[in-house]
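Given next are the chains, with one letter for each unit.
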Amino acid sequence: MPTPPLAGGTTGPAALRPLIDTVLTALHDGAHRRDGPLPAGGPDTVTPHLRTALHPVIPDHGTGAHHALTTLIHALTQGAADPADPLCAAHLHTPPLALAAAADLAASALNPSMDSWDQAPAASALEADLTAALAAEIYPHHTAPDALVTTGGTEANQLALLLARERHGTVQTISGTNAHHSITRATWLLGLPEPITVPAPTGVIDLTALDDTLARLHGPLLVTATAGTTDTGQIDPLTDIADLCTIHGAELHIDAAYGGPLLFSPTHRNKVHGLDRAHSVTLDLHKLGWQPASAGILAVPDHHHLDPLHHHAPYLNADDDTEAGLPDLLGRSLRTTRRPDALKIAVTLQALGRTGLADLIDRTCTAAHQLADLIAKTPTLDLYDRPTITTVLFRPTHTDDHTVATIRRTLLTRGHAVLGRTHTNGRLWLKATLLNPHTTPHDLQQLLDLVTHLATELAEGSTPR
């Protein structure tokens, strides 16, 4: 077998072109073979099919590039839960924009490693300008805000708590019961006390309880608020929480992984008013930003807040190289080798501009309200509440939690729809998280019809298959 060609250099594009054609054909054929939001049959069907295509994982003699690409990508696509299908609406799992995926191909082909300038000359400059621009969106009145690119909200939240620890030592975190699980995990990883949890009986932090909690605590305190919870999509009262933090001398971190991009929408940005009062903010553009994962951001109001992350490794950032003007990249992440995820974000912002991104956000928020309207007009369905962002909770009326869970799993097993689940207000709810800007009212009605028909089927005693 001849030596396989490389993706980079002047010959790389010519080598990539026929391979990309093979990949695109396999994606197309696999999606048609699946013919729905996910494959039917559940794990007992999907796993054997994938393993048949994959076997043997490491053959003695290779099958060749086109055969391997065709076989495995076709199998993966046929077995995928496809967020581009309007009936795949369970999680904060976005359908990526085609242009962002295309940019990600270039990032893979060029393969700059963002841990030293000599591995990423242009990519390091692009990342620096992109992160500064995104930080300025969050902190428009600060003179030198900055941001880091992360693997997502979990890493960004961990970095926020790490920076707070480095500023104050053992810091006590206070979070609502609605906070993302990564906050508690971050305290464990960092050797910090477990967060003190404040009730959130309506889905957002109870301000009176937070005030009482802050009043009785001493020492360095960090309140973590949420702008877009994973369960209901609700947004904590950010300005009121910031006021309480000021009164009690606590710092504030806002996990806006879901809701942060609302900043780009003139229609919806008021929902996240107060982000600029936080000591750090998490943003996640592989949610309401339509980027291929990963595309997380941690923003701070002053670039010096990131100084504790500085790290010295002479083979990557020798002192004399830094003094000579080569940018030091090691303090831009806790990771060493990392992809240039800034490229796809920058391409998207350039291509769409503020108005284009706002249009995508507004379309998905409108779709969520359309879904809520349809549920409210359906007598056999209960609506939890009007959506804050794009999350809509609902359930068939006069059903118990076991039936709700069975409906969800049956839709998955049949390959008909992907809905999430969440337990709130003492009941289990089906969760639709709408992130597809191409979703139509017809798609939404089809989703509800699937649920109501299955609820009727179960009520009549049929056994779902």
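Refer to the structure printed above.
Conventions we followed
Residues numbered from 1 in each chain as written. Predicted model: local features only at pLDDT ≥ 70, side-chain atom pairs only at ≥ 80, totals over all residues. Heavy atoms only, no water. Helix = DSSP H or I, 4+ residues; strand = E, 2+ residues; numbered from the N terminus. Rg over C-alpha atoms; globule rule 2.2 N^0.38 Å. Buried < 20%, exposed > 50% of the residue type's maximum accessible area, 1.4 Å probe, protein only. Contact = heavy atoms within 4.5 Å. Areas by Shrake-Rupley, 256 points an atom, 1.4 Å probe, with all protein chains shown as cover. Axes fitted to C-alpha atoms, helices over the stretch in contact; angles between N-to-C directions. Parallel < 35°, antiparallel > 145°, perpendicular 65-115°, else oblique. Left-handed = near helix turned anticlockwise from the far one by under 90°. Phe/Tyr/Trp six-rings, centres within 6.5 Å; stacked < 30°, edge-to-face > 60°. Lys NZ or Arg CZ within 6 Å of the ring centre and 35° of its normal. Salt bridge = Lys/Arg side-chain N within 4 Å of Asp/Glu carboxyl O. Pairing = 2+ DSSP bridges.

Enquirer: Report on the overall build of the protein chain, specifying residues and quantitative values.
Expert: The secondary structure content of the protein chain amounts to 14 helices and 11 strands. Taken over C-alpha atoms, the radius of gyration comes to 24 Å for the protein chain, in line with the 23 Å a tight globule of 465 residues would show. Considering only C-alpha atoms, the protein chain reaches an extent of 70 × 70 × 40 Å along its principal axes. Sorting the 465 residues of the protein chain into buried and exposed places 49% on the buried side. Excluding contacts between residues fewer than 6 apart, the proportion of contacts in the protein chain whose partners are at least 24 apart in sequence is 71%. Element-wise, carbon and sulfur atoms account for 56% of the exposed surface of the protein chain, whose accessible area totals about 21700 Å².

Enquirer: Give me the lowdown on the packing of helix α1 (residues 12–34) against helix α3 (residues 65–78), citing residues and values where you can.
Expert: Relative orientation of the contacting elements α1 and α3 amounts to 30°, with a least axis distance of 8 Å. For the element pair α1 / α3, the angle class is roughly parallel. Note on packing geometry: the crossing formed by α1 with α3 is right-handed. Between α1 and α3, the residues in contact are P18, L19, T22, V23, A26, L27, D29, G30, A31, R33 and R34 and A65, H66, L69, T70, I73, H74, T77 and Q78, respectively.

Enquirer: An account of the packing of aromatic side chains is requested, with residue identities and associated values reported.
Expert: Remark: the centre distance and the inter-plane angle together describe each pair of aromatic rings, the angle taken between the planes. Taken as a whole and judged by the stated rule, the model has 1 aromatic pair. Above the ring of W429, the side-chain terminus of R395 is found at 5.9 Å from the ring centroid.

Enquirer: How would you summarise the pattern of salt bridges if you had to cite specific residues and measurements?
Expert: For the structure on display, the rule yields 18 salt bridges. When the shortest N-O distance is used, the salt bridge between R339 and D104 registers 3.1 Å. Of the two residues, R339 sits in the loop between α11 (319–323) and α12 (342–376) while D104 sits in helix α4 (residues 98–110), which places them 235 residues apart along the sequence. As a salt-bridge pair, K344 and D341 come within 3.1 Å of each other at their nearest N and O atoms. In this structure, K344 and D341 share a single accessibility class: buried. One connected set of salt bridges, linked through shared partners, spans D104, R339, D341 and K344.

Enquirer: Please set out the sheet that holds strand β10 (residues 420–424) residue by residue, giving values where relevant.
Expert: The antiparallel open sheet is built from 4 strands, whose spatial order is β8-β9-β11-β10. Both outer strands of the open sheet, β8 (381–383) and β10, are each paired with one neighbouring strand and no more. With direction set aside, neighbouring strand axes in the sheet form an average angle of 40°. One ladder, built from 4 bridges, connects strand β9 (residues 391–396) with strand β11 (residues 427–433); its direction is antiparallel. Bridging across to β11, F394 finds its partner in L430. Contacting β8, β9 and β11, α12 crosses the sheet at an angle of about 20° to β9. Packing of helix α14 (residues 441–459) onto the sheet brings it into contact with β8, β9 and β11, and relative to β9 it is tilted by some 25°.

Enquirer: Which residues make up the sheet that holds strand β1 (residues 146–150), and what are the values?
Expert: With mixed pairing, the 7 strands of this open sheet are ordered in space as β1-β7-β6-β5-β4-β2-β3. Edge positions in the sheet fall to β1 and β3 (196–198), since each has one partner strand and no second. This sheet shows a mean twist of 20° between the axes of neighbouring strands, independent of strand direction. As paired elements, strand β2 (residues 172–176) and β3 share 3 bridges and run parallel to each other. Looking across to β3, one finds that G176 is bridged to V198. Where helix α5 (residues 121–138) meets the sheet, it contacts β1, β6 (280–284) and β7 (296–300), and its direction lies at approximately 115° from that of β1.

Enquirer: Tell me about unusual backbone geometry, and name the residues and values.
Expert: The omega torsion of the bond from H55 to P56 falls at -10°, within 30 degrees of zero and hence cis. Summarising the element assignment, P56 is placed in the loop between α2 (43–54) and α3. A cis amide bond links A293 with the next residue in sequence, S294, at an omega value of 10°. Within the secondary structure, S294 is located in the loop between β6 and β7. We note that D35 has phi near 55°; this positive angle belongs to a residue other than glycine. Its location among the elements puts D35 in the loop between α1 and α2. Owing to a relative accessible area of 67%, D35 belongs among the exposed residues under this scheme. A positive phi is found at H398, a non-glycine position, where the angle reads about 55°.

Interpretation in functional terms is not warranted from these geometric data alone.
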